[in-house]
Amino acid sequence: MDPRLEAIVEKMLDKCILDGRYQQAIGMAIECRRLDKLEEAITSSDNIHATLSYCINVSHSFVNLREYRREIAFDLVENEHQAFLLNLKNLLSGPKSQPLEPAQQGSAASESGQAGNATASEDVQMTEGSQVSNQDVQEADPNETAYAERSDLLILKTIKQSVEMRNSVCHSATIYSNAIMHAGTTVDTFLRENLDWLSRATNWAKFSATAGLGVIHRGHLQQGRSLMAPYLPQTGAGGGGSPYSEGGLGLAALGTADENIFDEIKTVLYTDSAVAGEAAGISMGLLMVGTASDKAAEMLAYAHETQHEKIIRGLALGIALTVYGREEEADTLIEQMTRDQDPILRYGGMYALALAYSGTANNKAIRQLLHFAVSDVNNDVRRTAVLALGFVLYSEPEQTPRIVSLLSESYNPHVRYGAALAVGISCAGTGLSEAISLLEPLTSDVVDFVRQGALIAMAMVMVQINEASDSRVGAFSQFWYWYPLIYFISLSFSPTAFIGLNYDLKVPRFEFLSHAKPSLFEYPRPTSAPTTTSAAKLPTAVLSISAKAKARASKKEADQKANAEKKSHPGQNLLLALILEKGNPLVDTPAEKKAEHEPSFEILINPARVIPAQEKVIKFLEESRYSPVKSASSGFVLLKDLRPTEPEVLSLTDAPSSTGSAPGGSTTGQQGSASSMAVEEEPQPPQPFEYTS
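Everything numeric in this text was worked out from a predicted model, so none of it was measured.

**Describing the sheet that holds strand β8 (residues 635-641)**
On the basis of which strands lie adjacent, the open sheet formed by four strands has the order β5-β1-β8-β7 and mixed pairing. The sheet terminates laterally at β5 (608-609) and β7 (626-628), the two strands that pair on one side only. As judged from the three bridges shared by β7 and β8, these two strands associate in the antiparallel manner. Bridged to serine 627 within β8 is lysine 640.

And the structure:
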């Protein structure tokens, strides 16, 4: 590089720092890869926390190379806050003692678990040796509590009555709906009330019904083991279901990259059994997820050797899982898969692109996917390429409808289906009006599976949206290959809540403000059962001559009465006419009654239901005893007690039990209870007694 050009850039950087234009200096330093100037700009700023936040946002938004982002993150951690991290480590390792004086905390940036710890911005009291026991973690873990249960069982009953139950696909769909609606709630009322109907399940439907119990009792380990005991092998894996235990093994060892487990699964793969091999291929990917391991080359080689499409498909998905989040590190493997002659491996290459660049909105990945969406000769590849856009763009949902709008009008139904699900994945839970407008025409598509995909996507977009937010809520996938994979969606579910935690990781009771009308974020209204109507009486046949005679007689009688009333009460008739025309001023009609005024805000009580769209209107009250350590509107939020000498009132005082009610959300009735339908405890034996005749 010309030293004169380098000197000009150096002067510009120094001038920006001297003039206090730290954001411009940070942008230039990142662009020029001058981490020394980046550090200087941050340390020189008056508000280090705000400057760090700006730096992190710029890095995530504009730095495409993953390795360079990691360098920036490591530089921030090592140079700026290493002392704080060491102090924190020392505090957490000693014996418990009296609280120390408040110590100034900084912030530390990290790259998705690769670079270090998260941020903390204000003064916080730390107790030397504050150790969190397993019991404390369990008490604070929402997975061990029954979530607020607001599902609508009438919907399930209506589905059950509407579809043809002799069709195993419809039977399975109803079971899937029940499991997803009640994921993590322990509420299996629908299954218990329909045991006879459930017993008709065969093949995959029986498999899905049993697996659905695991989804419903997700996170409730103790009672879950008791509930699932009859379905688990008592003496190790064996029998007809043993191939699926290999898939379960991959899920149990998710992301561990254990070599011994990989070799065990590989042994199953090399038996060349179609069903077991497909499970083994997916299991390998789950085991090596996000590692970019060299094992992917072995998997790709065997995919070229085997003749079973099921095994090739399982391996293709498994290979895609190994490059999750690896971005440019995965480019070589993606290039191999997307240029392969086997369409199933190209299909896996689309998923590899989706997972490697998930949430990055990377322009290079988007261009590649669009290219395959319009040029590949295989419908599976084209459909998956469009669908993969949803994964890449989920961090910028507003862009997705614009990018796939033309694809949603494609002549190819597979492309239209992919466009629908891309919008559903990217815009899930946003209620984005543009997304709904794009999906509405597809719900009346001429092809059945496109309509199905559009309805699924519509449901994903409208998650946690009610009619007050979008009136179209009230008007309201084709599953290829391996049906049981649908339950993987439950792994992405998480409670939408604000849970404030105090110094001891307990949940104190206090109020905070949602500065919006309660109706905007309340639960959707439950469906109501259709009212029974009495059978309509059939009209009696009447001769036309008789009808005309009766009509003339009744008209003549009415005219005579009207003339008599006019002669006797002329003023009264005039008053009656005025009332009929303008209404009685002495009587309030229902139309004139004023509608009940809805408040413009809502007071919530910790812990409370707070959905993503609601986060921007959450405010802490000025007179509140607690304030957040770091500005946050949802999830677990650490609180600073501004009046530590006063006694605390806790919302959750005991360890959560699976049979208790989940904490409510607000003073307007956001209270929910979740009944435990698991195995009930045995009653206590009676006291000793003597029997006398």
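**Some thoughts on the sheet that holds strand β3 (residues 511-514)**
Consider a sheet: its strands pair through backbone hydrogen bonds, and that pairing is either parallel or antiparallel. Judged by pairing direction, the sheet is antiparallel, and its three strands sit side by side in the order β4-β3-β6 without closing on themselves. Bordering the open sheet on either side are β4 (602-605) and β6 (618-619), each of which pairs with just one other strand. When β3 meets β4, the two strands line up antiparallel, connected through four bridges. When the sheet's bridge partners are listed, phenylalanine 512 is paired in β4 with leucine 604.

**Overview of the packing of helix α24 (residues 413-426) against helix α25 (residues 433-442)**
Between α24 and α25, the least distance of the axes is 10 Å, while the angle of their chain directions is 150 degrees. The interaxial crossing formed by α24 with α25 has left-handed handedness. For the pair α24 and α25, the contacting residues are Arg416, Ala420 and Val423 in the first and Ala435, Leu438, Leu439 and Leu442 in the second. The residue makeup of the contact of α24 with α25, split by class, is six nonpolar, no polar and one charged.

**Re the pairing of β8**
Two strands pair when backbone bridges link them, and strand β1 (residues 497-501) and β8 are joined in this way by four bridges, in the parallel orientation. In the strand pairing of β8, leucine 501 is matched with leucine 638. In textbook terms, the turn of a hairpin is the stretch between consecutive antiparallel strands, and for β7 and β8 this stretch comprises six residues.

**Some thoughts on the confidence of the model for the protein**
Of all residues in the protein, 69% have pLDDT values of 70 or greater, and the mean over the chain is 74. Confidence over residues 79-83 falls short of pLDDT 50; this stretch has 10 contacts with residues more than four positions distant or in other chains. Predicted confidence for residues 236-247 stays below pLDDT 50, and this span has 13 contacts to residues more than four positions away or in other chains.

**A closer look at a nonpolar patch on the surface**
On the surface, Met1, Leu5, Ile8 and Met12 cluster together into a nonpolar patch covering about 470 Å² of accessible area. One can find leucine 5 in helix α1 (residues 3-18). By relative accessible area, which is 48% here, leucine 5 ends up partly exposed.

Cut-offs used in this document
- Residues numbered from 1 in each chain as written.
- Predicted model: local features only at pLDDT ≥ 70, side-chain atom pairs only at ≥ 80, totals over all residues.
- Heavy atoms only, no water.
- Pairing = 2+ DSSP bridges.
- Helix = DSSP H or I, 4+ residues; strand = E, 2+ residues; numbered from the N terminus.
- Axes fitted to C-alpha atoms, helices over the stretch in contact; angles between N-to-C directions.
- Left-handed = near helix turned anticlockwise from the far one by under 90°.
- Contact = heavy atoms within 4.5 Å.
- Nonpolar A, V, L, I, M, F, W, Y, C, P; charged D, E, K, R; others polar.
- pLDDT = per-residue confidence, 0-100.
- Patch = residues over 30% accessible without salt bridge, like charges linked within 9 Å, V, L, I, M, F, W, Y side chains within 5 Å.
- Areas by Shrake-Rupley, 256 points an atom, 1.4 Å probe, with all protein chains shown as cover.
- Salt bridge = Lys/Arg side-chain N within 4 Å of Asp/Glu carboxyl O.
- Buried < 20%, exposed > 50% of the residue type's maximum accessible area, 1.4 Å probe, protein only.

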